[in-house]
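Close look at the chain arrangement
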Amino acid sequence: MDIVNLTIDNKPVVVKSGTTILEAASGVGMHIPTLCHMKLDDLNIENKPGGCRICVVEVEGRRNLAPACCTDVSEGMKINTHSMRVINARRTVMELILSDHPFDCLICAKSGNCDLQDMAHNLGIREIHYKGEQSTYREDTSPAIIREVDKCIMCRRCETMCNEVQTVGVLSAINRGFESVVSPAFEMNLDHSVCTYCGQCVAVCPTGALTEVDETGKVIRALSDPTKTVIVQTAPAVRAALGEEFGMEAGSLVTGKMVAALRRLGFDHVFDTDFAADLTIMEEGTELLNRLGKHLAGDKDVKLPILTSCCPAWVKFFEHQFPEMKDIPSTARSPQQMFGAIAKTYFADQLGIKREDLVVVSIMPCVAKKYECGRDEFKTNDNPDVDHAITTRELAALIKLSNIDFTALPNEDFDNPLGESTGAGVIFGTTGGVIEAAVRTAYEIHTKKELPRLDFEELRGMEGIREATIDFDGLPIKIGIAHGLGNARKLLEDIQAGKSEFHAIEIMSCPGGCIGGGGQPYHHGDAGILKKRQAALYQEDKNKTLRKSHENPHIIELYEKFLGEPMSEKAHHLLHTEYFDRT
């Protein structure tokens, strides 16, 4: 390995060859401000177009200032990161960016969470000396994401996520010069494109150019309506991230406080999507075993590998990109939609009310869930199974709006019957968790034996594509796992080419799974936050008395009293779905 000796702000630094100035400075604790640059080390994601020029530094002997994010170090280099020339350049660049940016910070959805706003403050910008024309574009509203392109600063982060990480290919730079902007081709609306609404563009956007559709107003109106019974479900990944919005350490488990907050907001019943995750395992696991049984019996028409179907962005991805494979994924609905179907039938009957008078609200880490609950196949007489889906960020805003002291809340339990869950339901929130939960149940149903272990470390991790073979008492089950749609594409192309040997594949759209969902608190490029959230979910799993979905007493009761058995006619009607060719 080649070693490079250099000096940064009069401090000697030694790094390996190929290191950028930004990395070298960061390695010794020196801060260089950045705006367009983003690096998620553990996920191998980096955006460094060098376009914003906020990170410029002075290099002795070099006439012009160098962008630290994309300039490699060299032997004997002497760098000044905060000379007056550098500071003046950064302030000038920031003023030029702001001169073509709307001045509506007070009502912007990203106010208080805006990297541009923070950078302007840190650079001490109090006035803008450059006046002139501002570029103007129309606003684009889709079922899940709002594009306010006037606020785009051409950092290209969204472009990296959409094209390189997710391989969806919706966003790219269009037009020239002053009119250049990141947009779908021909400036078409997102809902006319192949956008999956995964929300990763929203998760990394440094300004308010990309935000989720805010449904908190609808939830407030529902909670204020005395004629409605309003219930709520909370996804597993939310409890591992919500605390960040209230100054708590990343990965803090706030399950009990979250339940208490939801009760104080006025929800009539507080339930857990983990219950529906257990239900999903009963259906999806049974479907897996049915397909395997047919395959082992010599059925050449059975579709393997079975693909998980919990993620709506992933579902929309294969409907657009691989429609000829739409009979391969499990037909099981996502936990969100299973919960809604059970709530508006089984639970509404228990309450003695019509489904139209029951409002189901979801708290999700995912932007695509907003789109999912609006799909026509999840409605009965135009009444949706899930009425509103709000993100973790939206829930935090609602709690703050209601003047609830979140950190001082006591820990409270979910309501029953739709609030009881197992550890298997909890780990749905991280990559590898869905298939691990399925293995715990499918193994015991298939072998009629108790699992010798519950923690399948070989299914865990943060690598983009993973594989493992699980021994079902003499029957080797080959499992694939992918998170990030670009990784999913590789596995799907292997299936197309007849190269896949997997029996089952878990796919999640977002890096890290739901813990890295587009509706979670902003990670600002820190991949360590995702690892802490993941660890929290595994800890919650270990803390559970029951850790296998088929042992959930309320799931057992639901089948005995209402559904009959997994994959029954009623279960198929309420808990399964179909997919569509969207090309």
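Everything that follows concerns the structure shown earlier in this document.
Not measured: the values here are computed from a predicted model.

Here we take up helix α16 (residues 527–543). For α16, built from 17 residues, the straight-helix expectation of 24 Å at 1.5 Å per residue is met to within 8% by its first-to-last C-alpha distance of 25 Å. Among all positions in α16, only Ala527, Ile529, Leu530, Arg533, Gln534, Ala536, Leu537, Tyr538, Glu540 and Asp541 are buried. Buried residues along α16 sit in contact with β3 (38–40), α7 (255–265), α13 (423–426) and α14 (433–447). Here α16 starts with a cap whose side-chain oxygen sits 2.9 Å from the backbone nitrogen of Gly528, and that cap is Asp526.

Residue position: Ser330 is located in the loop between α9 (312–321) and α10 (335–351). Judged by relative accessible area, Ser330 falls into the buried class, the value being 0%. Contact partners of Ser330, with chain neighbours within four places excluded, come to Glu284, Glu287, Arg291, Ile306, Leu307, Ser309 and Tyr579.

Quick look at the pairing of strand β21 (residues 475–483) now. Counting buried positions along β21 yields seven of nine residues, so the element is predominantly enclosed. Direction of pairing for strand β20 (residues 465–472) relative to β21: antiparallel, over a ladder of eight bridges. Bridging across to β21, Arg466 finds its partner in Ile481. Hairpin connection of β20 to β21: two residues between the antiparallel strands, including Asp473 at a positive phi of 55°. Where β21 lies against strand β22 (residues 504–508), five bridges are found, and the strand directions are parallel. Within β22, the residue paired with Ile479 across the bridge is Ala504. Once the chain exits β21 it traverses helix α15 (residues 485–496) before rejoining the sheet at β22, and the crossover so formed is right-handed.

With that out of the way, let us pick up the sheet that holds strand β16 (residues 358–364). One open sheet accounts for four strands, arranged β14-β13-β16-β19; its pairing is parallel. Looking at which strands have only one partner, the edges of the open sheet turn out to be β14 (269–272) and β19 (388–391). If you compare each strand with its neighbour and ignore which way they point, the axes differ by 25° on average. Taken together, the four bridges between strand β13 (residues 229–234) and β14 define a ladder with parallel strand orientation. If you follow Thr234 over to β14, its bridge partner there is Asp272.

Time to look at the side chain of Glu287. Among the structural elements, Glu287 can be located in helix α8 (residues 273–296). A relative accessible area of 6% places Glu287 in the buried class. At 2.6 Å, the side chain of Glu287 and the side chain of Ser330 are in polar contact. When near neighbours in sequence (up to four residues on either side) are disregarded, Glu287 contacts Ile306, Pro329, Ser330, Thr331, Ala332, Met567 and His576.

The four strands lie next to each other as β15-β22-β21-β20, forming an open sheet whose pairing is mixed. Each edge of the open sheet is held by one strand with a lone partner, namely β15 (306–307) and β20. α14 contacts β20, β21 and β22 of the sheet and is inclined by roughly 15° relative to β20.

A few words now on unusual backbone geometry. A cis amide bond links Leu304 with the next residue in sequence, Pro305, at an omega value of 0°. For the bond from Asn416 to Pro417, the omega torsion is 10°, close enough to zero to count as cis. By secondary structure assignment, the location of Pro417 is in the loop between α12 (392–401) and α13. Positive phi, close to 50°, is recorded for Asp9, a residue that is not glycine. Summarising the element assignment, Asp9 is placed in the loop between β1 (3–8) and β2 (11–16). In the Ramachandran plot, Arg156 falls in the positive-phi region, its phi being about 75° despite a non-glycine side chain. Within the secondary structure layout, Arg156 lies in the loop between β9 (145–147) and α4 (157–165).

Here is what the cut-offs are and how they apply
- Residues numbered from 1 in each chain as written.
- Predicted model: local features only at pLDDT ≥ 70, side-chain atom pairs only at ≥ 80, totals over all residues.
- Heavy atoms only, no water.
- Helix = DSSP H or I, 4+ residues; strand = E, 2+ residues; numbered from the N terminus.
- Expected span 1.5 Å × (residues − 1).
- Buried < 20%, exposed > 50% of the residue type's maximum accessible area, 1.4 Å probe, protein only.
- Contact = heavy atoms within 4.5 Å.
- Polar contact = N/O pair within 3.5 Å; in protein donor to acceptor, adjacent residues only side chain to side chain.
- Pairing = 2+ DSSP bridges.
- Right-handed = clockwise from strand over helix to strand, strands pointing away.
- Axes fitted to C-alpha atoms, helices over the stretch in contact; angles between N-to-C directions.

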